[in-house]
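Letter by letter, the chains look like this.
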Amino acid sequence: MKNSEEKRIDRLNGPEIVFRNVTKDYPNGVRALDNVSFRVAPGEFAFLMGHSGSGKSSLIRLLMMEERPTDGSITVGNIRLSDIKDSGIPYYRREVGVVFQDFRIILGRSVYENIACAMEMLGEPKKRIDERVDAVLDTVGILAKKNEKAMHLSGGELQRVAIARAIVLLPGLIIADEPTGNLDPENSMEIMRLLKEINNMGATVLVATHEAGIVENSGQRVISLSHGMRQFTE
Amino acid sequence: MKFLRLAYYELRQGFRNILRNLFMVFASVIVVFSVLLISGLMIEAGITLGSVIRQFGDRAEVQINLSYLVSDEEAMEYFEVIKSDSRVKDAQFISKEANLDRIISYFKGDEELFEKYRESERLHFASIEVQLNEYTDGTGFLEEVKGLDGVDSVKDIVGTIEKMQLMRFWVNIGTIIAVVFMTMLSILLIFNTVKLTILARKNEIQIMKYIGATDLYIAVPFVIEGVFTGIVGSVLAFFALSGIYSAVYKGVYDTAVSANIVPLTFKETGAGWIFLAFLIFGIVTGFVASVWASKKHMKV
């Protein structure tokens, strides 16, 4: 880290996440989450474990406010998500960085453009955007690829771009949904190391995964889901 | 400053959309262009017809030929009655002798052929030339005059003007229908263009939503694309219409068909106003279509 932006990234304030008796039913009758309660402490790194269909994605969607719970309450920091109106959702999402298994990077744009767009929508000056983009690209180790088109990057590099984009607005909370699902073991380890590094900066990080290998020996707390119910926390 | 920077980022994205979607934008521009050109030509036709009617109306003249049995003295009495009519702007009395001289003078060079007719009683009739206040006064006035004893014939252009008025009415109706129909067509085409852009960028829109972009921020570049399409189409249509009108006017003028009857609408209405009207049409059409498409298809 070589410029002033680094100091700001160092000061991420991770919020607490609290799920209280959250239930999510879909219109087709499927109950994705059944009375789930857990807490992630401010600045904690936690795994959300479970097989396909266990309710991980539903839980992530609730945290991203793509969906609203049928019952129960979710609190992120001081914000009770049920209090946020639809028009307020974009502003909430700016406080949450998200990383997906399929990267969700705009392939026709350059690495710089993919990251800068998050700051442009806030009307930030170009100079500040340039500095911040350089800082986050340096953090994830692909500053040299700044001007390359995303379509020319490898899977590991694309996920780094996604992480860079997730942290460019300096959110306190990072949610990663199967971030290593499309990566080889080496890149998976690197992405997990990056997420841990961001956690060390102060962010609360919640990683949903079904890969036991990623979780083992990580030393992080695991919230396990099965058929929409919390199984255990260790 | 923040607003200006946002505007700049939005504009840049809007023009990127246009470049990516150039073919469809071009197709929509052609539609807006055609709509405005056809509508413009029909409106021009209506205005021109109206101007012709107005000019004929200004010369709403009626010639009343009295019977040869009516003497000049009796004819003067008719003249006084007609002149005092409230619908009459001006009237001129032409005596029997003056009338015959005028008829003979139409045959310049062969006047001697008509000398023998000077003795013909039937060619000795007085006339009254009447200018009406408005051609619309004509119908009732003519009925009354024709009903007078001693009136032989009445020549007028009231009937012609009425036919032209009817024609103008239908041209105006046709113009309104065409404008409404073609406006809907252009809105649909721009809607479709913007819709295709949105669908092609569905993934991108979803990503923007995840990182906290508002619907308005995402929609503005699409609206810029729609408005741009409308503006380009309307500007092209204005210049094409102006060119066509100039060519038509020149053709009419060169054939010496009463050049002063055909109005130079671009001058009369003011080219600036026509340009402004086209521009507003283009902007509104593009705006409505793109906002509609954004509202309908941006829920990803």
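Above this text you will find the structure in question.
Residues numbered from 1 in each chain as written. Chains lettered and ligands numbered in written order. Predicted model: local features only at pLDDT ≥ 70, side-chain atom pairs only at ≥ 80, totals over all residues. Heavy atoms only, no water.

J.: Can you tell me about the nonpolar core, naming the residues and giving the values?
T.: Residue and element names in this part refer to chain A. Phe 47, Ile 115, Ile 163, Ile 174, Leu 195 and Val 207 are the most contacted members of the largest nonpolar core, which totals 77 residues. Excluding anything up to four places from it in sequence, Ile 163 contacts Val 99, Val 140, Ile 191, Leu 194, Leu 195 and Ile 198. Core analysis: the next-biggest nonpolar cluster, separate from the first, contains 31 residues, Phe 38, Val 40, Met 65 and Ile 84 among them. (Core = buried A, V, L, I, M, F, W, Y, C linked by side-chain atoms within 4.5 Å. Buried < 20%, exposed > 50% of the residue type's maximum accessible area, 1.4 Å probe, protein only. Contact = heavy atoms within 4.5 Å.)

J.: Before we move on, can you summarise the sheet that holds strand β2 (residues 88-94) of chain B with the specific residues and values?
T.: Residue and element names in this part refer to chain B. A sheet is described by the order of its strands in space; here four strands give the open sequence β2-β3-β1-β4, paired in antiparallel fashion. Both edges of this open sheet fall to β2 and β4 (151-156), since each of them pairs with a single strand only. Going across the sheet, the axis of each strand differs from the next one's by a mean of 20°, ignoring polarity. Across the sheet, helix α3 (residues 72-83) lies against β1 (61-66), β2 and β3 (127-132), angled at about 170° from β2, the strand it touches most. Packing against the sheet, helix α4 (residues 96-105) makes contact with β1, β2 and β3, and its axis sits at approximately 85° to β2. (Pairing = 2+ DSSP bridges. Helix = DSSP H or I, 4+ residues; strand = E, 2+ residues; numbered from the N terminus. Axes fitted to C-alpha atoms, helices over the stretch in contact; angles between N-to-C directions.)

J.: Provide a residue-level description of the pairing of β1 of chain B, including the pertinent values.
T.: All names here are of chain B. Note: β1 against β3, five bridges, orientation antiparallel. Its bridge partner being in β3, Gln 63 is matched across the sheet by Glu 129. Sheet topology places β1 next to β4; five bridges connect them, and they run antiparallel. Across the sheet, the residue bridging to Ile 64 is Val 154, located in β4.

J.: Report on the side chain of Lys 56 of chain A, specifying residues and quantitative values.
T.: Residues and elements named next belong to chain A. Looking at the secondary structure, you find Lys 56 in helix α2 (residues 56-63). For Lys 56, a relative accessible area of 7% gives the class buried. Here Gly 50 takes part through its backbone oxygen, which lies 2.6 Å from a polar atom of the side chain of Lys 56. (Polar contact = N/O pair within 3.5 Å; in protein donor to acceptor, adjacent residues only side chain to side chain.)

J.: Describe the interface of chain A and chain B, and please don't skip the residues or the numbers.
T.: Taken together, the 25 residues of chain A in the interface contact 20 residues of chain B. Surface buried jointly by chain A and chain B totals about 1900 Å² across both partners, of which 56% is contributed by carbon and sulfur atoms. Linking chain A to chain B there are three salt bridges. Arg 109 of chain A is the salt-bridge partner of Glu 204 of chain B, the closest N and O atoms lying 2.6 Å from each other. On inspection of chain A and its partner chain B, the count reaches 10 residue pairs in polar contact (both at pLDDT 80 or more). Listed by contribution, the elements that provide at least two residues to the side of chain A that touches chain B are α3 (89-93), β6 (96-100), α4 (111-120) and α5 (126-140) of chain A. If you tally residues by element for the side of chain A that touches chain B, the top one is α4 of chain A, at four residues. (Buried area = accessible area lost by both parts, 1.4 Å probe. Salt bridge = Lys/Arg side-chain N within 4 Å of Asp/Glu carboxyl O.)

J.: Now, about the packing of helix α6 (residues 155-167) of chain A against helix α7 (residues 185-200) of chain A: what can you tell me, with residues and values included?
T.: All names here are of chain A. In the contact formed by α6 and α7, the axes pass within 10 Å of each other and the chain directions differ by 15°. Between α6 and α7, the crossing angle belongs to the class labelled roughly parallel. In terms of crossing hand, the pair formed by α6 and α7 is right-handed. Residue-level inspection shows Gly 156, Gln 159, Arg 160, Ile 163 and Ile 167 of α6 in contact with α7, the latter providing Asn 187, Glu 190, Ile 191, Leu 194, Leu 195 and Ile 198. Looking at side-chain class alone, the contact of α6 with α7 contains six nonpolar, three polar and two charged residues. (Parallel < 35°, antiparallel > 145°, perpendicular 65-115°, else oblique. Left-handed = near helix turned anticlockwise from the far one by under 90°. Nonpolar A, V, L, I, M, F, W, Y, C, P; charged D, E, K, R; others polar.)

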